[in-house]
Amino acid sequence: MIDTAISADDASAMRNRGQLPAGEPAINSPFLSGKQVAGLALMLTLCHAVPGQSAAHDKNKVFRFNIPAGSMASALMAFSETTDTQLSYPSVLVRDVKANALNGRYTPEQALAKLLSNSNITYRIADNQVIALAQAPKENSPGNSVPEKSVELAVMTVKADSLAPDDISPYITSESTAGSKIPVETTRIPQSIQVITGEALKDQGALSIGNILKQVPSATVIGTRFSRFPKISIRGFKADQNRNGIRQIFGGDVDWSALSHIENVEVLKGPGSTVYGQQTNDGGGVINVVTKRPFDEFASEFSFTRGGYDEFDGDITSGQWDLNGPLLADGALKARFTGEIEGSESFINFQNLDRENFGLALAWDDGGPVRGFINAEYQHRSTVPNPGLPVFGTVRGSGFGNISRDTYLGEPNFDNLEIETPLVQAWLDIDVGENWKISPRFQYDEFNGDQDQVFLGQTTLDAAAGRINVARTGRTGFKERDRSYIGQIDITGTVETGFLTHQIFLGGDYTKSHFGTSSINLAGVPAIDALNPVYLAAQPAAGPVRIGSHGTSELGSFAFQDIISITPEFDLTGGVRQSTYSAKRLNIANGVTSEIDTDNTSYQVGGTFHATDSIHFFAGYGEGFSPLPAVAMANGASLEPGESAQVEAGVKINFPSGLSGTASFFDITRSNVTTQDRFNPGFQVATGEIQSRGAEVELAYQVTEQWYVQGGYAFIDAEITQSNANDVGNRPEKIPEHQANIWTHYRFDSGVLKNLTLSAGANYVGNRPFDNANTAKLPNYTTLDLATSYTWKNIKLELFANNVLDKRYFVSADFGPAVFPGDPRTIFGRVSLKF
């Protein structure tokens, strides 16, 4: 027999009468060949469709979907019931076919396209508005010809004004895992989340994570890609880096420019311990890097970058590649190999940059309930550790002139910095029934660093000689060897209790880390004149005492999060994580071992009110937990872990016209901040507190299909509220009160300029205190960036000009009493070839 279309009402009635099992489609047929499926699906719509509710009047209406990953048959039935739409297809078409999870608000066309996106099924709409599904015909395959007498059905189209933002813009995405381990609409999470897509990374010519995060209004870059270990703060506090949802204890310190394996970057603003566990940050946020995944087709891309400072002179030279393809004939096993090699000069004298990063992603999926993934990466960076510049002659006047921003105040004859890390992640996604998934995960990573370096000390001005004398110290033979093992198990699923729908995350993880550093101080490192540096021919003598520490730490935790759909207009989110942390640390110099054994419970609660399909009000509370690796106080006990808490409220928008964004007010308190021990000089106690309050707005608008605009603004009112350093009431170091950004991109799609793009961006950073004592300010600055590209067939030519007005500005260095100059005008081109 040939199946006929069945309406959602008919299917529900059959279930109520006991004629149709729950979760099964109201269709049944014997196995058919691919040729028969293609032909019969068309005939079926014309000859056997029964009259029913027309889908035409609903095609632009937005519905709320909550369909778990599972069988295509069940997913299509849920789609039909939600939209009151008739579907017509033979049952063999969906047998053993899996459907993606679908959560969020979409038009019927959008929802159906997402459900079918990873299948070989197409959809069309007949004159009677019944939606017919059929197997996608294979090119040049005679077995898939359509019968001669068949009638061509009109292709279902989607109007631009009913599209979700991520369907019409490559720079906007409506889903993220940053606020939950489940891919969820960002409008349902009661916390600010911003996602920077891979297309934005490319089109903005990003050279580092710091460049990427210029799009986040409340993110402050501390250092540049040429710094020793640059950092990011969000809303006044340092932020963590995760990779595919797993903590990166040291991964962010290796190579800020390792972007070749990145698909997109998700930014969760504020504490995130409930979802991600122990953090090494101060509660500013979580930067979750999502790496590239293999896909079904053979594809490759090669690119070459060359440019320089002020002129197009070849200071910057790098090459990238991205190779993808199936490894087995049936396509079950796929691989993607990415990488980049750079050999460049920085704008700092004597500072070259040599680095390599490689990424290999494997994915196995044979259509069964188990899918496997491996992500392996290697990063290496070799340069010199620039110690930065003194405050006088840079951000404060010296009376003798300004220090050139290309000045190097270390010792180029013996300074070196070499960092490398391997990383392996592996996980399984195991479907348990149709609503639940179990994902065991494992990560192994290392951090290996070798350094010989000089640090800047106190600065004195010699008026008679016109010198800016900078005292210096140093160390040699510095080695850091860290490794960590992380095991996780995530259980996610959907369950209904009465009229409530729950999206649940259950997680457990265990981390075992080994860490160790050692070095010898240099004796008698001479001062240097910052205006006219003279370098040593030989390294100063090393001191007799080796310093450093080594030890181990263990972390175990259990987490639960529930996103509850109470009504179509209201979501409630709640979560809790219980963590137990222990560490031992041996001080090499004095032989003293410190230990810490503590636990923590972090909470999250919040709600979202969907006033309309495009306007969503939210409010939430979240906590953070960041223990130190057994740092001893004067009494021998270890410092208490830092804790943070954020209260946030605001509104999120995602208009079908392409306008999306978030505006919010936040209040973050960081407690147990380390501050000096008044009664025991040289020791610290965890009694400090810092508060950061403010507002942030970020908007993205796909104005037309060709024109995109993105921008944002952040106001941060931060204050030290408790401290033993006589700085209560001061503004915390390096945090600007005002920041703003804007970027726009235009693509010509017709005429003689077709395939030409033009881009422009500006970034403003306000005044920031140089230190907590507020002895100096880093001045405000604005940089302007321009870009253009042209695509011809499979070749793309790009030209970027960053800081095009050559603004002289300074950011804080990553260590010590020094500032670091920002990048001067940088012009570089990139040519890419796709196959």
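Residues numbered from 1 in each chain as written. Predicted model: local features only at pLDDT ≥ 70, side-chain atom pairs only at ≥ 80, totals over all residues. Heavy atoms only, no water.

Colleague: So what about the overall build of the chain? Which residues, and what values?
Modeller: Regarding its fold elements, the chain presents eight helices and 43 strands. Among the 835 residues that make up the chain, the fraction classed as buried is 54%. Taking the contacts inside the chain whose residues are at least 6 apart along the sequence as the reference set, 68% of them involve residues at least 24 apart. Carbon and sulfur atoms form 56% of the exposed surface of the chain, whose accessible area is close to 34000 Å². (Helix = DSSP H or I, 4+ residues; strand = E, 2+ residues; numbered from the N terminus. Buried < 20%, exposed > 50% of the residue type's maximum accessible area, 1.4 Å probe, protein only. Contact = heavy atoms within 4.5 Å. Areas by Shrake-Rupley, 256 points an atom, 1.4 Å probe, with all protein chains shown as cover.)

Colleague: Report on the packing of helix H3 (residues 72-83) against helix H4 (residues 108-115), specifying residues and quantitative values.
Modeller: Geometrically, a packed helix pair is captured by the angle between its two axes and the distance between the axes. One can describe the packing of H3 onto H4 by two numbers: an axis separation of 11 Å at closest approach and a directional angle of 175°. In terms of axis orientation, H3 runs roughly antiparallel to H4. In this structure, H3 uses Met72, Ala75, Leu76, Phe79 and Thr83 to contact H4, whose residues at the interface are Pro108, Ala111, Leu112 and Leu115. Class assignment of the residues belonging to the contact of H3 with H4 gives a composition of eight nonpolar, one polar and no charged. (Axes fitted to C-alpha atoms, helices over the stretch in contact; angles between N-to-C directions. Parallel < 35°, antiparallel > 145°, perpendicular 65-115°, else oblique. Nonpolar A, V, L, I, M, F, W, Y, C, P; charged D, E, K, R; others polar.)

Colleague: Give a description of the side chain of arginine 228 that names residues and reports values.
Modeller: Turning to its location among the elements, arginine 228 is positioned in the loop between strand E11 (219-222) and strand E12 (231-234). For arginine 228, a relative accessible area of 8% corresponds to the buried category. A distance of 3.5 Å separates polar atoms of two side chains, one belonging to arginine 228 and the other to glutamine 451. (Polar contact = N/O pair within 3.5 Å; in protein donor to acceptor, adjacent residues only side chain to side chain.)

Colleague: Quick one: what's the story with the sheet that holds strand E7 (residues 131-135), residue by residue and with numbers?
Modeller: One open sheet accounts for three strands, arranged E3-E7-E6; its pairing is mixed. Of all the strands in the sheet, the pair left with one neighbour each is strand E3 (87-88) and strand E6 (121-125). The sheet contact formed by E3 and E7 spans two bridges and is parallel. Directly across from leucine 87, in E7, lies its bridge partner isoleucine 131. (Pairing = 2+ DSSP bridges.)

Colleague: Could you give an account of the pattern of salt bridges, naming the residues involved and the relevant values?
Modeller: In this structure the tally under the stated criterion is 29 salt bridges. Among the ionic pairs, glutamate 411 bridges to arginine 472, the shortest N-O distance being 2.7 Å. Placement of glutamate 411 in the loop between strand E21 (370-383) and strand E22 (416-432) and of arginine 472 in strand E24 (residues 467-497) is noted, with a sequence separation of 61 residues between them. The same class applies to glutamate 411 and to arginine 472, which are both buried. Where lysine 437 meets aspartate 429, a salt bridge forms, and the shortest distance between an N and an O atom there is 4.0 Å. With a relative accessible area of 10%, aspartate 429 lands in the buried category. Because the salt bridges share partners, they merge into one network encompassing Arg225, Asp255, Glu340, Glu342 and Arg355. (Salt bridge = Lys/Arg side-chain N within 4 Å of Asp/Glu carboxyl O.)

Colleague: I'd like a rundown of the confidence of the model for the chain, residues and numbers included.
Modeller: Summing up the model confidence of the chain, the mean pLDDT is 84 and the portion of residues at 70 or higher is 87%. Every residue in residues 1-58 scores below 50 in pLDDT, and together they form 116 contacts with partners more than four places removed in sequence or on other chains. The low-confidence segment residues 139-166, where pLDDT is below 50, has 47 contacts with residues more than four positions distant or belonging to other chains. (pLDDT = per-residue confidence, 0-100.)

Colleague: Could you give an account of unusual backbone geometry, with specific residues and numbers?
Modeller: Despite not being glycine, arginine 235 shows a phi value in the positive range, around 60°. Looking at the secondary structure, you find arginine 235 in the loop between E12 and strand E13 (237-243). Backbone geometry at asparagine 244 places phi at a positive 55°, although glycine is not the residue there. Structurally, asparagine 244 can be placed in the loop between E13 and strand E14 (246-247). Here asparagine 244 falls in the buried class, since its relative accessible area comes to 10%.

Colleague: Give a detailed account of the environment of alanine 611, specifying residues and quantitative values.
Modeller: Mapping alanine 611 onto the fold places it in the loop between strand E29 (593-610) and strand E30 (615-626). Separated by 41 residues in sequence, alanine 611 and phenylalanine 570 have C-alpha atoms that sit 8.7 Å apart.

Colleague: Pulling in residues and values, what's your account of the packing of aromatic side chains?
Modeller: Counted under the stated rule, the structure contains 17 aromatic pairs. Ring centres of phenylalanine 226 and phenylalanine 347 lie 6.0 Å apart, and the angle between their planes is 75°; this geometry places the pair in the edge-to-face category. On the criterion of sequence distance, the pair formed by phenylalanine 226 in the loop between E11 and E12 and phenylalanine 347 in the loop between strand E19 (333-345) and strand E20 (352-364) is long-range, its members being 121 residues apart. Look at phenylalanine 226 and you get buried, because its relative accessible area is 2%. You can call phenylalanine 347 buried: its relative accessible area is 9%. (Phe/Tyr/Trp six-rings, centres within 6.5 Å; stacked < 30°, edge-to-face > 60°.)

Colleague: So what's going on with the nonpolar core? Which residues, and what values?
Modeller: Of all hydrophobic cores here, the largest spans 24 residues; its most connected members are Ile196, Ile212, Leu213 and Ile232. Listed by contribution, the elements that provide at least two residues to this core are helix H6 (198-203), helix H7 (209-212), E12, strand E15 (262-269) and strand E16 (285-291). Per element, the largest residue contribution to this core is three residues, and it comes from E15. Those residues within four positions of isoleucine 212 in sequence are excluded, and the remaining contacts are Ile196, Leu201, Ala206, Leu259 and Val265. Of all hydrophobic cores here, the second largest spans 23 residues; its members include Phe63, Met72, Leu93 and Leu133. (Core = buried A, V, L, I, M, F, W, Y, C linked by side-chain atoms within 4.5 Å.)

Colleague: Account for H4, naming residues and giving values.
Modeller: Here H4 lies mainly inside the structure; six of its eight residues are buried. Burial in H4 covers these residues: Pro108, Glu109, Gln110, Ala111, Leu112 and Leu115.

Colleague: Explain the pairing of strand E33 (residues 684-702) to me, using residue names and the numbers behind them.
Modeller: Direction of pairing for strand E32 (residues 659-676) relative to E33: antiparallel, over a ladder of 17 bridges. Within E33, the residue paired with threonine 674 across the bridge is alanine 686. Where E33 and strand E34 (residues 707-722) come together, 14 bridges link them in antiparallel fashion. Bridge pairing in E34 links alanine 700 to glutamine 710. Where E33 folds back on E34, the antiparallel hairpin that results is connected by four residues.

Colleague: Describe H3, naming the residues involved and giving the relevant values.
Modeller: Taking 1.5 Å per residue as the helical rise, H3 with its 12 residues ought to reach 16 Å, and the 16 Å between its terminal C-alpha atoms agrees with that figure. The element H3 is largely enclosed, with a buried count of nine among its 12 residues. Within H3, the full set of buried residues consists of Met72, Ala73, Ser74, Ala75, Leu76, Met77, Phe79, Ser80 and Thr83. A positive backbone phi angle near 55° is found at aspartate 84, which sits one or two residues after H3. (Expected span 1.5 Å × (residues − 1).)

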